[in-house]
Amino acid sequence: MEPAKEAPREASKKDRAAAPNLKRLRQMVETIMQGGGPGRIQAQRAKGKFTARERINYLLDEGSFQETDQLVSTRCADFGLKEKDPPGDGVVTGFGNIAGREVCVFAQDFTVLGGSLGHAHAMKICKVMDLALANRVPVVGLLDSGGARIQEGVNSLDGYGDIFYRNTKCSGVIPQISVILGPCAGGAVYSPALTDFIFMVQGISHMFVTGPDVVKAATGEDVSFDQLGGCEAHASKSGVCHFVAQSEPDCFRQIRELLSFLPQNRWEKPPREANPDPIRRTIPLLEKMCEMDPRKPYRIHHVIWQIADEHKFFEVHTDFAKNIVVGFMRMGGESVGVVANNPAHFAGALDINSADKAARFIRCLNAFNIPIVTLTDVPGFWPGVTQEHGGIIRHGAKLLFAYSEATVPKIAVVIRKAYGGAYIAMSSKKLGSDFNYSSPSAEIAVMGPAGAIEILYSRELAAAKTDADRAALRAKLAAEYAAKFASPYQTASTGSIDEVIEPGQLRYKIIRALRLLRDKRAPGSHENRGNIPL
Ligand code: HXC
């Protein structure tokens, strides 16, 4: 009995011995799978980081990864690189599935020469980007790299040039997602900056053009790794990072969720999902808001959660320029991008950062055929020397440009206030919006009553005999002005508001408009629309 049991194992050993070609391949693959070796993998784990291959497995549907260019090796003979023969030249590339949809992926391997980018490494990334572009599928880059590989000189720099060029050619054609999963320096940060969305993970992700030591040498500033290029710096201050995850698994879950809102490419529409939430669900909260003090701050998220299918909102750029809120939701099962003033910060006024944030998001939505829902509650542009000298004119113009340029369905609702240039900027009718609704309590005017009467009646106010007379006159004039202009009715009478709606019906109104606009065709809607970083 015993020998019979052993027989199959013996046979397979013999097969292997008789199959030197297979053996050779398997040995080569096994070596490559080791990456930088057990020591460096251990060091990677000690920093709380996964390896490049573990990351790909977490990101993609189980068992779906198909590797490309596994056997590519460096051609650089300097600094003993050829003898080191860095496995896969420090990057794993290929394709696989996310929720059953095809994606291309690359993951830099920090255990191999710090994930630094040499010529072959760059060529592998370029090849997988070309594959993504030719086959019209998203590309996800998992970055963990010390930047240009110093040993390979200008070949490394040129490698970055090749990647930046492709990032730009892919822009607005296929979704590009960058995930920062380690210390990314130099060229390793500019490629992500050209892509549509950047993810970082608390504690392990850092991005900077030059590190703390160079900063100290050049400017004398003392700054830590985290202060200079950690999640907080880029999510809330620089605005470079769109999403912060608490851990790598959380990050991969968020990427999968983001992709569920996006189409595979600019020719497709985002996937539609079954919607269990009644489209005629009414919103009592909005009826209450309609009667509230117009100066009272509130978080616009409460409105977004109410109108979204199942109250779900996937926010983008949560911690940057909080006076405007952008993100994805579904309405009646359709993927929709929302852009909303947030009165909880700066009273919802527009400033430089909020204009940049919204304009880029709108351009991304337009590139990928995602309808835009705009919720307006804006007292105007934020005044001040810092804003003027910082270029609010230039930055605010990006918002005007983005809305005017967008050919996707555009639906806007004035929730409470829409004053001056900010009224125009927030997807007003004249910027080509398809449907403009308003709450009955909305105030739409060139400026608020207080400012307007100081300009219109400056002489009368100056002529008042006493302060009490002046105050009484002010109150009377402000009330008259408010009665005439602080309402949506003048705007509705011109057709710039299509309908003053029952606020409780807002969800249904938007979904009905979206359904009419589903096959909207507008001049220019078939043109390429690059998503330039703004
Ligand atoms: C070659 C590199 C490298 C690089 C890291 N390594 N960066 N090798 N070229 N750019 C190697 C290290 O020598 C080391 O090899 C291994 O990777 C791990 O690096 P450590 O320094 O030990 O790790 P850590 O302490 O975690 O620090 C990581 C780091 C640091 C912050 C990324 O290595 C660093 O500062 N690297 C240089 C970053 C930089 O200035 N890059 C800019 C390049 S210029 P061993 O064998 O010891 O394990 C650039 C310009 C492009 O990118 C411009 C395009 C527009």
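In the block above lies the structure referred to throughout.
Residues numbered from 1 in each chain as written. Predicted model: local features only at pLDDT ≥ 70, side-chain atom pairs only at ≥ 80, totals over all residues. Heavy atoms only, no water.

When you look at the overall build of the protein chain in this model, what are you seeing that I'm missing?
Check the secondary structure of the protein chain and you find 23 helices and 17 strands. The dimensions of the protein chain, computed from C-alpha atoms along their principal axes, are 110 × 60 × 45 Å. Put simply, the protein chain has 534 residues, and 53% of those count as buried. Taking the intrachain contacts of the protein chain between residues at least 6 apart in sequence as the baseline, contacts between residues at least 24 apart amount to 75%. As displayed, the protein chain has an accessible area near 24400 Å², and 57% of this comes from carbon and sulfur atoms. Of note, the protein chain has its 64 positive side-chain charges centred 3 Å away from the centre of its 58 negative side-chain charges. (Helix = DSSP H or I, 4+ residues; strand = E, 2+ residues; numbered from the N terminus. Buried < 20%, exposed > 50% of the residue type's maximum accessible area, 1.4 Å probe, protein only. Contact = heavy atoms within 4.5 Å. Areas by Shrake-Rupley, 256 points an atom, 1.4 Å probe, with all protein chains shown as cover. Lys, Arg positive; Asp, Glu negative; His and termini not counted. Charge placed at Lys NZ, Arg CZ, Asp CG, Glu CD.)

Quick question: what am I supposed to make of the site of the ligand here?
Taken together, 19 residues surround the ligand, and among them Arg40, Gly114, Gly146, Ala148 and Gly187 come closest. For the ligand, an oxygen atom lies 3.5 Å from a polar atom in the side chain of Lys47. Here a nitrogen atom of the ligand sits 3.1 Å away from a polar atom, N or O, in the main chain of Ile150. Compared with its free state, where it exposes 1000 Å², the ligand has 57% of that area covered by protein. Looking at the shell around the ligand, the elements with two or more residues in it are helix H7 (154-170) and strand E6 (183-185). (Near = heavy atom within 4 Å. Polar contact = N/O pair within 3.5 Å; in protein donor to acceptor, adjacent residues only side chain to side chain.)

Looking at this structure, I do not really get the side chain of His234. What am I missing?
Along the chain, His234 turns up in helix H11 (residues 231-237). Taking relative accessible area as the criterion, His234 reaches 10% and is therefore assigned buried. Sequence-distant contacts of His234, that is, excluding residues within four places in its chain, are made with Met200, Met207, Leu228, Gly229, Gly239, Val240 and Cys241.

Would you take a moment to explain the pairing of strand E14 (residues 410-419) for this structure?
The side chains of a regular strand alternate, residue by residue, between the two faces of the sheet. Of all 10 residues in E14, 10 are buried, a share of seventy percent or more. Strand direction decides the pairing type here: strand E13 (residues 372-378) and E14, joined by 6 bridges, are parallel. Residue pairing for E14: Thr374 is matched across the bridge by Ala412. Where E14 and strand E15 (residues 435-438) come together, 4 bridges link them in parallel fashion. Opposite Val414, over in E15, you have Ser438 as the bridge partner. A crossover connection joins E14 to the parallel E15 through helix H18 (residues 420-425); in handedness this β-α-β unit is right-handed. Judged from the 3 bridges that link them, E14 and strand E16 (residues 443-445) form a sheet pairing that is parallel. Residue pairing across strands places Tyr419 opposite Ala445, the latter belonging to E16. (Pairing = 2+ DSSP bridges. Right-handed = clockwise from strand over helix to strand, strands pointing away.)

Sorry if this is basic, but what is going on with the packing of aromatic side chains here?
The geometry of an aromatic ring pair is captured by two quantities: the separation of the ring centres and the angle between the planes. Across all of its chains, the model carries 14 aromatic pairs by this definition. Ring geometry for Phe346 and Trp382: centres 4.9 Å apart, planes at 40 degrees, overall tilted. Of the two residues, Phe346 is situated in the loop between strand E12 (334-341) and helix H15 (352-367) and Trp382 in the loop between E13 and helix H16 (385-390); the sequence distance between them amounts to 36 residues. Ring centres 5.0 Å apart and planes at 45 degrees place the aromatic pair Tyr481 and Phe485 in the tilted group. Of this pair, Tyr481 and Phe485 both sit in helix H21 (residues 467-485), 4 residues apart, which is roughly one turn of the helix. Take Tyr481: its relative accessible area is 10%, and that puts it in the buried class. Grouping aromatic residues by their ring pairs yields a cluster made of Phe197, Phe199, Phe243, Phe261, Phe314, Phe328 and Phe361. Here the basic side chain of Lys49 rests over the ring of Phe110, its NZ or CZ set 4.4 Å away from the ring centre. (Phe/Tyr/Trp six-rings, centres within 6.5 Å; stacked < 30°, edge-to-face > 60°. Lys NZ or Arg CZ within 6 Å of the ring centre and 35° of its normal.)

What should I look at first to understand the packing of helix H6 (residues 119-135) against H7 in this one?
If you want to describe how two helices pack, look at the angle between their axes and the distance between the axes. In the contact formed by H6 and H7, the axes pass within 8 Å of each other and the chain directions differ by 10 degrees. Between H6 and H7, the interaxial angle falls into the category roughly parallel. Along its contact with H6, which presents His119, Ala122, Ile125, Cys126, Met129, Asp130 and Leu133, the element H7 presents Asn155, Gly159, Asp162, Ile163, Arg166, Asn167, Lys169 and Cys170. Looking at the contact of H6 with H7 residue by residue, the class counts come to 7 nonpolar, 4 polar and 4 charged. (Axes fitted to C-alpha atoms, helices over the stretch in contact; angles between N-to-C directions. Parallel < 35°, antiparallel > 145°, perpendicular 65-115°, else oblique. Nonpolar A, V, L, I, M, F, W, Y, C, P; charged D, E, K, R; others polar.)

Help me out: how do you make sense of the pairing of strand E2 (residues 91-98) in this one?
With 7 of 8 residues buried, E2 lies mostly within the body of the structure. Pairing geometry for strand E1 (residues 66-68) and E2, over 3 bridges, is antiparallel. Its bridge partner lying in E2, Glu67 is registered against Gly94. Bridge count for E2 against strand E3 (residues 101-108) is 8 bridges, and the pairing is antiparallel. Each residue of the ladder has a partner; that of Phe95, found in E3, is Cys104.

Hey, could you run me through the sheet that holds E2 in this one?
One key point about sheets: their strands pair by backbone hydrogen bonds, in either a parallel or an antiparallel sense. Read across the sheet, 7 strands follow the order E1-E2-E3-E4-E5-E7-E9 without closing on themselves; strand pairing throughout is mixed. Looking at the sheet topology across the chains shown, the edges are occupied by E1 and strand E9 (243-245). Within this sheet the neighbouring strands show an average axis-to-axis angle of 25 degrees, counted without direction.

Explain the pattern of salt bridges to me, please; I cannot follow it from the model alone.
Where charged atoms from two side chains of opposite charge approach closely, those side chains can pair. For the structure shown, the criterion picks out 31 salt bridges. We note a salt bridge from Arg55 to Glu248, for which the minimum N-O separation is 2.8 Å. Of this pair, Arg55 sits in helix H4 (residues 52-59) while Glu248 sits in helix H12 (residues 248-261), and the two are 193 residues apart along the sequence. A residue is classified by how much of its surface remains accessible, and Arg55, at 1% relative accessible area, is buried. Its salt-bridge partner being Arg295, residue Asp293 comes within 3.4 Å of it at the nearest N-O pair. A residue is classified by how much of its surface remains accessible, and Asp293, at 36% relative accessible area, is partly exposed. Members of the salt-bridge network, linked through shared partners, are Lys49, Arg55, Asp144 and Glu248. (Salt bridge = Lys/Arg side-chain N within 4 Å of Asp/Glu carboxyl O.)

What is the right way to look at the side chain of Asp89 in this model?
Of note, Asp89 is situated in the loop between helix H5 (81-84) and E2. Reaching out from Asp89, the side chain makes a polar contact with the backbone nitrogen of His121 at a distance of 2.8 Å.

Is there a simple way to think about the environment of Leu477 in this case?
Its place among the elements puts Leu477 in helix H21. In sequence terms Leu477 and His317 are 160 residues apart; their C-alpha atoms lie 42 Å from each other. Leu477 has contacts with Ile453, Tyr457 and Leu461, leaving out every residue within four places of it along the chain.

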